[in-house]
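So the chains spell out like this:
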Amino acid sequence: MSNKVQIQSSVNGEIVDFLCDPQETLLDVLRNRLSLTGTKEGCATGDCGACSVLLDGRLTCSCLVLGVEAVDKEITTIEGISEKDGLHPIQRKFLERAALQCGICTPGLIVATKALLEKHKDPDEETIRYWLAGNLCRCTGYDKIVRAVQDAAKELSYEA
Amino acid sequence: MGGYTYVAPATVADALTILSEHKNNGTRAQVLAGGTDLLVQMRSGDNAGRAIVDIKNIKESNNLVFGETETFIGAAISSAVLNESEKLKELFPGLLEAADLIGSTQIQGRATIAGNLCNASPAGDTIPALIANSGVCVISGPSGERQMAVEEFVTGVGTNALSSEEFVLGLRLPNPALRTSDAYLRFIPRTEMDIAVAGAGVSLSLSEDGTCIAARVAIGAVAPTALLVEDAAEAIVGSKLDEGALSKASEACSGAASPISDKRGTAEYRRKVVGVLCKRAAVIARDRALS
Ligand SMILES: Cc1cc2nc3c(=O)[nH]c(=O)nc-3n(C[C@H](O)[C@H](O)[C@H](O)COP(=O)(O)OP(=O)(O)OC[C@H]3O[C@@H](n4cnc5c(N)ncnc54)[C@H](O)[C@@H]3O)c2cc1C
Ligand code: FES
Ligand code: FES
């Protein structure tokens, strides 16, 4: 019962073509067909945020998007966040602040933080905590994560 | 069992043709908006093949139209996009708050109000807010468009008034009259990311001296469907929302509720909470109407 569909979309700035089943999630497409395994699966039901990606610039759970919905869309995954000359400041601040332990939640948190800081240059703690409420972390505790986001916001606003 | 197929028609006519074909062939088709309910359901049990009909490429379902007397909200517009419209927030702050309560930032980027309504969960947050605002569903079907008041649309837990050949194109809301505003409140055990134990939406209009001259009160999560509570509205119309009138409205909401007991709260507790929420929402709506 395979009705595979041919899809073209843009992932991290590159045009990609893939075949997928109509019911396959974008998360599965990224991980299993495009070998972009930075995006994680925690729950597959929209609750944990480990699968966060940007879809046409908007933060979404890739486990709740069908691969076929990606036609002509621009997708940014964790693999597209780092810069040519190394880690993105958000990634660096997560390391400096030790805002991760097992790391399963980290790609999603970094993608979500990127979307947050594009919209709110100087978010207060409450804004950060609400914005990231859909990204669950079972190891680190949210405090270090919030500090990392605050540091990144500061550094990015100096750069701008 | 057939497999899955996916189509994203660009016009209302194409969408309707696809839905009718499936009906005539006896095969299953299901409309997809944001997918935040549908994909979860496909994961958790209901995984039989079907045609997924994505309505996000239809122009009309992406329209947000500010008319002179009413506002049209297309069925494909995500809650995040709606909440970026200052104008919409000014017109219907309570409805927008309800939409903003749905899930996380990630969920907001996809979830639609019409999807929340069509999914027909008893706890759907936007449903009481839509009812309070006299919302009307614009339904596209083989014989054209028909309209239906939101309070009539949900027929039971997870069921709605659509035939398999129809879909919701959008929602129509009368623009608020002078000194009219709305509010929606829900109670959840956590501060974010949870399902309502009870919810209440209120829209009311005031005269120049602050007397309530019209009101609509709706409650959610305390019965199989969200309910319009006319007795609660009657209790506050003619008053200046003094404690006596608010208590009567609160009792009317508690009385109209027929909640279940589950891990989120007992029936008795829910009945009490929904009354309190009605009072508080009415006060917020009044303060907004005066400002
Ligand atoms: C993590 C998480 C948290 C959530 N939190 C909340 C919450 O706090 N409050 C709440 O109320 N909900 C919540 N939800 C549920 C869900 O996000 C909402 O109900 C949302 O509004 C559904 O909209 P959608 O566009 O994603 O619908 P979809 O999933 O696309 O569709 C839902 C159902 O409605 C049908 N449908 C959709 N649009 C139409 C249309 N135009 N015409 C005909 N049928 C249609 C679909 O066929 C499907 O049966 C949550 C979901 C998740 C995953
Ligand atoms: S895997 Fe998508 S939200 Fe958990
Ligand atoms: S570091 Fe393990 S879940 Fe966050």
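One numbering rule holds for all chains: residues counted from 1, following each sequence as written. Here every chain gets a letter starting at A, and every ligand a number starting at 1, in the order they are written. With the structure being a predicted model, the display of local features is reserved for residues of pLDDT at least 70 and the display and counting of side-chain atom pairs for 80 or more, all residues being used for whole-chain, interface and lining totals. Hydrogens and water molecules were not included; the side-chain quantities draw on all heavy atoms of the structure.

Some remarks on the domain arrangement of chain B
The parts lose accessible area when they come together, and the size of an interface is often stated as this lost area. Residue and element names in this part refer to chain B. Definition in use: By convention here, the domain bounds are inherited from an automatic or database domain assignment. The contact rule is simple, with two residues in contact once any of their heavy atoms fall within 4.5 Å. The term buried area denotes the loss of accessible surface (1.4 Å probe radius) that occurs when two parts are joined, taken as the sum for both partners. Throughout this description, the term salt bridge denotes a Lys or Arg side-chain nitrogen within 4 Å of a carboxyl oxygen of Asp or Glu.
Taken domain by domain, chain B holds domain 1 (4-54), domain 2 (59-174) and domain 3 (186-290). On a C-alpha basis, the centroid separation for the pair domain 1 and domain 2 is 19 Å. On the side of domain 2, 17 residues touch domain 1, which itself brings 13 residues to the contact. Between domain 1 and domain 2 lies a buried interface of about 1200 Å² when both sides are counted; carbon and sulfur atoms form 59% of it. Between the two partners, domain 1 and domain 2, sit one salt bridge.

Overview of the packing of helix 11 (residues 243-256) of chain B against helix 12 (residues 267-290) of chain B
Residue and element names in this part refer to chain B. Rules: In this analysis an axis means a line fitted to C-alpha atoms, helices contributing only their contacting stretch, and an angle means the value between N-to-C directions, from 0 to 180 degrees. Under the DSSP-based scheme used, a helix requires at least four consecutive residues in state H or I and a strand at least two consecutive residues in state E, with every element numbered from the N terminus. An angle below 35 degrees is treated as roughly parallel, one above 145 as roughly antiparallel, one from 65 to 115 as roughly perpendicular, and anything else as oblique. Should the near helix be turned counterclockwise from the far one by less than a right angle, the crossing is left-handed, whereas a clockwise turn marks it as right-handed. When residues are grouped by polarity, Ala, Val, Leu, Ile, Met, Phe, Trp, Tyr, Cys and Pro land in nonpolar, Asp, Glu, Lys and Arg in charged, and all others, Gly among them, in polar.
The contact between helix 11 and helix 12 brings their axes to 8 Å, and the two run at 140°. Accordingly, the angle class assigned to the pair helix 11 and helix 12 is oblique. The way helix 11 lies across helix 12 gives a crossing that is right-handed. Where helix 11 approaches helix 12, its residues Glu243, Leu246, Ser247, Ala249, Ser250, Cys253 and Ser254 are matched on the opposing element by Arg271, Lys272, Val274, Gly275, Val276, Cys278, Lys279, Ala282 and Val283. Residues that form the contact of helix 11 with helix 12 fall into these classes: eight nonpolar, four polar and four charged.

A look at the side chain of Asn175 of chain B
All names here are of chain B. Heads up, the rule is: Distance and chemistry together define a polar contact, namely a pair of N or O atoms within 3.5 Å, with one atom able to donate a hydrogen and the other to accept it when in protein, and with adjacent residues in sequence counting only for side-chain atoms on both sides.
Counting through the fold element by element, Asn175 comes out in the loop between strand 10 (167-174) and strand 11 (180-187). Within the structure, the side chain of Asn175 is placed 3.2 Å from the backbone oxygen of Glu68, a separation counted as a polar contact. If near-sequence neighbours (up to four positions away) are discounted, Asn175 is found in contact with Gly67, Glu68, Thr69, Glu70, Thr71, Leu91 and Phe92.

What about the domain arrangement of chain A?
Residues and elements named next belong to chain A. By the assigned domains, chain A splits into domain 1 (5-80) and domain 2 (89-159). Here the C-alpha centroids of domain 1 and domain 2 sit 21 Å apart. Counting from both sides, the interface comprises 12 residues of domain 1 and, opposite them, 12 residues of domain 2. Here domain 1 packs against domain 2, burying approximately 1000 Å² in sum over the two surfaces, 68% of which is carbon and sulfur. Taken together, the connections running from domain 1 to domain 2 amount to zero salt bridges.

Some points on the interface of chain B and chain A
The interface is formed by 29 residues belonging to chain B together with 31 residues belonging to chain A. Surface buried jointly by chain B and chain A totals about 2400 Å² across both partners, of which 62% is contributed by carbon and sulfur atoms. The tally of links between chain B and chain A comes to five salt bridges. The interface formed by chain B and chain A holds eight residue pairs in polar contact (both at pLDDT 80 or more) in total. If you list the elements that add at least two residues to the side of chain B that touches chain A, you get strand 1 (5-7), helix 2 (38-43), strand 3 (51-54), helix 3 (79-82) and helix 6 (105-108) of chain B. The dominant element in the side of chain B that touches chain A, judged by the number of residues it contributes, is helix 2 of chain B, at four residues. Looking at the side of chain B that touches chain A residue by residue, the classes come out as 13 nonpolar, 10 polar and six charged.

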